[in-house]
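Residues per chain are reported as follows:
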Amino acid sequence: MDFNEAAGTNPIDQTRVVGHAHDRVDGPLKVSGRATYAYEFHNEAPDAAYGYMLGAGIGKGRIEALDTAAAEAAPGVLLVLTHRNAPEQGKKGKGSARAQMASAEVRNFDDPVAFVVAESFEQAREAAHMIRVRYVTEPGRFDLVAERGNAKKPEPKGSTLADTAVGDFEAGFAAAPVQLDVTYTTPDQSHAMIEPHATLAIWHCDRLTVYTSNQMPNWAQHGLASILQMEPTDVRVISRYIGGGFGSKLFVYGDIIITAMAARKLQRPVKMALTRPQIFNHTSHRPATIQRLRIGATPDGAITAIGHEVWCGNQEGGTFETAANQTRLLYAGKHRMTSHRLAVLDLPVGNAMRAPGEAVGLMALECAVDELAERLRMDPIELRVMNDTQFDPETGPERPFSSRKFVECLRTGADRFGWAKRNPKPGQMRDGHWLIGIGVAGAIRENLTMKSAARVTLDPQGQVIVESSMTDIGTGTYTVHAQIAAEMMGVPMERVIVHMGDTDMPEAAGSGGSWGANSSGSGVYAACDKLRRVLAQKAGFNADDVVFAGGKLSQGNRSVTLESLADPQGLSVEAEIDFGDLTKRYAQASFGAHFCEVGVDLATAEVRVRRLMSVAAAGRILNPKTARSQCIGGMTMGIGAALMEQCVVDTRHGYFVNHDLAEYHVPVHADIPDMDVIFLEELDDKSSPLKAKGIGELGICGVGAAVANAVYNACGVRIRDYPLTLDKILPHLPPMV
Amino acid sequence: MNRFDYIRPATVSEAVAAASVPGSAYLAAGTNLIDLMKGGVVRPERLVDVSHLPGLDGIEHFPDGGLRIGALVRNADLAHDADFAARFPAVAEALLSGASPQLRNAATVGGNLLQRTRCAYFYDVASACNKRTPGAGCDARGGQTRLQAVLGWSEACIATHPSDFCVPLVALDAIVEIEGRSGRRDVPLESFYRLPGDTPERESVLEAGELILAVRLPGTAAAFAGHARYLKVRDRTSYAFAIVSAAAALQIESGRILQARLALGGVALKPWRTRAAEDSMAGEITGPDTFRRAADIALADAQPSGDNAFKIELARRIVVRALSQAAVGTPKRMPALPASPFAAVSGAITYV
């Protein structure tokens, strides 16, 4: 099914099932421990051997000497794989896959040096510890601040250009009566999901099956095939449940590749999970940024010039953090520019983490707007409203937004949160030893769509079976697929069975960039649409006005049960949604606004979030319960980004020092107050047949800035270096009373 | 597999004999030791499991108000013992501010005393650490130093002791009962720990095979029950080690301080008692002037060990806050978030 024109009325609009708060269909499996995660496919490989990866203990250099004799002789050891005996590999593949242990070169800390396979996990780990490695350490570039001057203009990242310019920014900014020029920094961050990267690899002759935890099974399939120099059709990737990903599992890391290589060598299933420290340094992270914001405005608050420059770092060939991207779309302004510069760093690879670009870009932009409002003596909401735009400000009215309720988000939130009580002058509200502040920030997240296929089968019992390679990373995709199929086929959700996360099933969009539910759900829609036509024809109905309800097809007075139309072996159809150029013709994004109240302790500078409310407009909300959970998760992550999350770089040795969950701080329950999420009514008919937009990342976009703006309002201290830990605020507080 | 001997002795003397062999380590709940073993940070050749030894899991109350806490009493059990919490509220508060409920349910009193530092370089076996490998050097120096020590550190080691529990204990004159090959001895907790000096691998005065049997709190310590607080500042509200913490205990009569106790956590490789600051408050009126002076004295010798000078100012402020809270009086009920100022978040907002 091609999606080239705005969706008309379709069965989803009935909203008998879609749009309602349903519990997760996989919830009972998860809470009872019966959902099978990558490391737990015991029945599929009862004889699996256990692997343990030894990562490099240096940031850059090469292995000079490697003594594996003791490890090889250790009890239970079946294989010690190193660069000396690793099979020949392709260099690179889809999903950022790259060869592992292909040479003596150490590309980054915890780059694999050896992989030990043994009869038990403990044997493998102990043997790995027996391996002696001598390195030649080479000087590495580990400090973004130091390398900023060497940053170069990078190749475009997908459709995101390194540089954009409209009008004459420099002249426009210079001529602006009110000018703001501020620089913000954000640190490296880690996804810190619960389930580690884990893989079980099984070979059947020359066909490989990997059970792994990956958001994009088809990328992994193709990436793995490239590295192992196989046909993708000979690789099957199964990723049935994922214990959190946040982008960390979009890609292919050592666990998948090395486990597959070892299993092939041994002709025996092999499984491994990365250790928690390895997750920090071996896999990817959200790269640190330096961001300069320049905004010029008229005295009454109209933005005339807006420029956003970003510096970040990555390994050679790595991509840049698209932190200036949202600045192209969020506010009006005649003269505009964005630029991204990329320095080569020898730290672990940087890559996507929840809302790559916007999550950190808005932490700078939305604070800068707050700073501008203060300079203009304007209310920060009014400033945003004044500079709202209903079309892409780079191209003009010919490219309108498909839907944009940014102002409504701000207004609704202001009303519900009690914004009017905020004193614009900082440091004026107190509650005991707490200084109280209120802050706001806007949210935007680009709406991405990806083509996506699904197979729908009607079985003779009248059950509807939905199959695709889509993944559910804990967001509720199983449930949303069941809702869509139930809505389309007119059956209760209990009669829908959803299977996903298997590359032997039709290729779906996968989970990333907030495109998951909207895109893959549209694939299910397309398949169901096809099945409806097939069934209508079989029943002798005119397809266009058949009603599917109550497990029956009806037209006029005649109705037929679904099951009566199924063949004994079931009736299967497959279809794909293919998104056309509507994203080119229309700017598409989800919008929101966050309102935050914090307390800052007068003496200790501790920051406590007291209230957080988000208002979101993201098209049709397919399941308000799972969508709300997504937003709350994003908001929590946003609080973390604002106040505590940071991979601490040891710039001498080139690694993240705080590589466990005790030292890499994410918020705990006690850090999170009651949170409110309000969804505005919106249907976006240019986004998809479901009229939904992405929601998974919107929740984090802008939250950090709302918190930081609240901190400023509380105590008058503007910290432009995230996270806002107390040591940064403390020197600016008044002496102790 | 890392092969080690596992011994489960039936008596204290069997335990001491077993653990006197070089390379031995005692195992109680293992909340720290097992993690360290998994990470290859420590590799004992012999684990002597004392978790089943009889007679070490009780709390004995003495007529003078003092008590004796068996080394195997669980942190959670101790904190929730109503008699104990009433007499030593700051200790209960400190216990409940540490770790997580799951860990507190498992962790023992003796193990808490002997937990290892949380210095990231100690845990990372690719880094140089004098504590892990004597003479290897200290990668923490010049590295990530934000949370490292500001008191009592040396060029060889700038780590801190992570315990909350030990901070009020040291302020309240806790005694450690130790059994070794040459018999039983008592060591004040204050002198139980060694400062790093040139031998940071030697963390306490324990000799090979010596086993902690109990911790005693003297009856005189209970006299502070009405004015005793523990305050802990950390990077998140729970499940984080202290950036700086303070235990403050006062005896007050008619607004004047008869006796004061003060100890700091998170600032040194041991819980840091500061007698000079305590003495400065004796006979003084409770109030900011007295407390600020005490704070200045407590931190007079503090020196940043890196990029952590903020801890010194923070510690001053925590001392004043903790003393002020102690002066107000021990709350009748344990705060919802023990040792955290966040507990009192409710209440009307005032506009000033």
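Quantities reported herein were computed from a predicted structural model and do not represent experimental measurements.

### Brief notes about the overall build of chain B
For chain B, the count of helices and strands is twelve helices and 13 strands. Taking 352 residues into account, the globule formula puts the C-alpha radius of gyration at 20 Å, and chain B, at 20 Å, falls close to it. The principal-axis extents of the C-alpha atoms in chain B amount to approximately 65 × 50 × 35 Å. In chain B, which comprises 352 residues, the proportion classed as buried is 57%. Partitioning the contacts of chain B with sequence separation of at least 6, the portion at a separation of at least 24 is 64%. For chain B, the centre of its 38 positive side-chain charges and the centre of its 36 negative side-chain charges are spaced 4 Å apart.

### Thoughts on the interface of chain A and chain B
Across the boundary between the two partners, chain A contributes 52 residues, which contact 50 residues of chain B. Linking chain A with chain B are three salt bridges, by the criterion used here. Note that B:Arg146 and A:Asp727 form a salt bridge whose closest N and O atoms lie 3.0 Å from each other. On inspection of chain A and its partner chain B, the count reaches 15 residue pairs in polar contact (both at pLDDT 80 or more). When residues of the side of chain A that touches chain B are traced back to their parent elements, those giving at least two are helix H3 (121-130), strand S19 (429-431), strand S20 (434-446), strand S28 (589-601), strand S29 (607-617) and helix H17 (726-729) of chain A. In terms of residues, the side of chain A that touches chain B owes the most to one element, H3(A), which gives five residues. Here the side of chain A that touches chain B is built from residues that sort into 25 nonpolar, eleven polar and 16 charged.

### What to know about the sheet that holds strand S23 (residues 496-499) of chain A
Residues and elements named next belong to chain A. In space, the five strands of this open sheet follow the order S1-S27-S21-S22-S23, with mixed pairing throughout. Taken across any chain shown, the strands that pair with only one partner, and hence form the sheet edges, are strand S1 (2-3) and S23. By the bridge criterion, four bridges tie strand S21 (residues 452-458) to strand S22 (residues 464-467) in an arrangement that is antiparallel. When the bridges of S22 are listed, Leu458 appears paired with Val464. On top of the sheet, helix H12 (residues 477-489) reaches S22 and S23; it is set at about 140 degrees to S23, its chief contact.

### Notes on the pairing of strand S8 (residues 211-217) of chain B
All names here are of chain B. Of all the seven residues making up S8, six are buried; the element is thus mostly covered by neighbouring parts of the structure. Strand direction decides the pairing type here: strand S6 (residues 175-180) and S8, joined by five bridges, are antiparallel. Among the inter-strand pairings, Glu177 is bridged to a residue of S8, identified as Ala214.

### Concerning unusual backbone geometry
Residues and elements named next belong to chain A. A cis geometry characterises the amide bond from Tyr722 onward to Pro723, with omega recorded as -5 degrees. One can find Pro723 in the loop between helix H16 (703-715) and H17. Positive phi is not limited to glycine here, since Asp110 has a value of about 65 degrees. By the secondary structure assignment, Asp110 is in the loop between strand S7 (105-106) and strand S8 (112-118). Owing to a relative accessible area of 8%, Asp110 belongs among the buried residues under this scheme. The phi dihedral of Cys205 falls on the positive side, at around 55 degrees, and the residue is not glycine. For Cys205, the location among the structural elements is in the loop between strand S12 (198-204) and strand S13 (207-212). In this structure Cys205 comes out as exposed when scored by relative accessible area, which is 69%.

### Topic: the packing of aromatic side chains
All names here are of chain A. In this structure the tally under the stated criterion is 18 aromatic pairs over all chains. Relative to Phe579, the ring of Phe3 has its centre 6.0 Å away and its plane inclined at 75 degrees; by these criteria the two rings are edge-to-face. With Phe3 in strand S1 and Phe579 in strand S27 (residues 571-579), this pair connects stretches of sequence that are 576 residues apart. For Phe3, a relative accessible area of 5% puts it in the buried group. Since its relative accessible area comes to 16%, Phe579 is described here as buried. Counting every residue linked through ring pairs, the aromatic cluster contains Tyr331, Phe401, Phe406 and Phe591. Across from the ring centre of Phe173, 5.7 Å away, lies the NZ or CZ of Arg294, which sits over that ring. Over the ring of Tyr712 we find Arg718, and its NZ or CZ is 4.4 Å from the ring centre.

What counts, and where the lines are drawn
- Residues numbered from 1 in each chain as written.
- Chains lettered and ligands numbered in written order.
- Predicted model: local features only at pLDDT ≥ 70, side-chain atom pairs only at ≥ 80, totals over all residues.
- Heavy atoms only, no water.
- Helix = DSSP H or I, 4+ residues; strand = E, 2+ residues; numbered from the N terminus.
- Rg over C-alpha atoms; globule rule 2.2 N^0.38 Å.
- Buried < 20%, exposed > 50% of the residue type's maximum accessible area, 1.4 Å probe, protein only.
- Contact = heavy atoms within 4.5 Å.
- Lys, Arg positive; Asp, Glu negative; His and termini not counted.
- Charge placed at Lys NZ, Arg CZ, Asp CG, Glu CD.
- Salt bridge = Lys/Arg side-chain N within 4 Å of Asp/Glu carboxyl O.
- Polar contact = N/O pair within 3.5 Å; in protein donor to acceptor, adjacent residues only side chain to side chain.
- Nonpolar A, V, L, I, M, F, W, Y, C, P; charged D, E, K, R; others polar.
- Pairing = 2+ DSSP bridges.
- Axes fitted to C-alpha atoms, helices over the stretch in contact; angles between N-to-C directions.
- Phe/Tyr/Trp six-rings, centres within 6.5 Å; stacked < 30°, edge-to-face > 60°.
- Lys NZ or Arg CZ within 6 Å of the ring centre and 35° of its normal.

Don't take any of this as a statement about function, it's just geometry.
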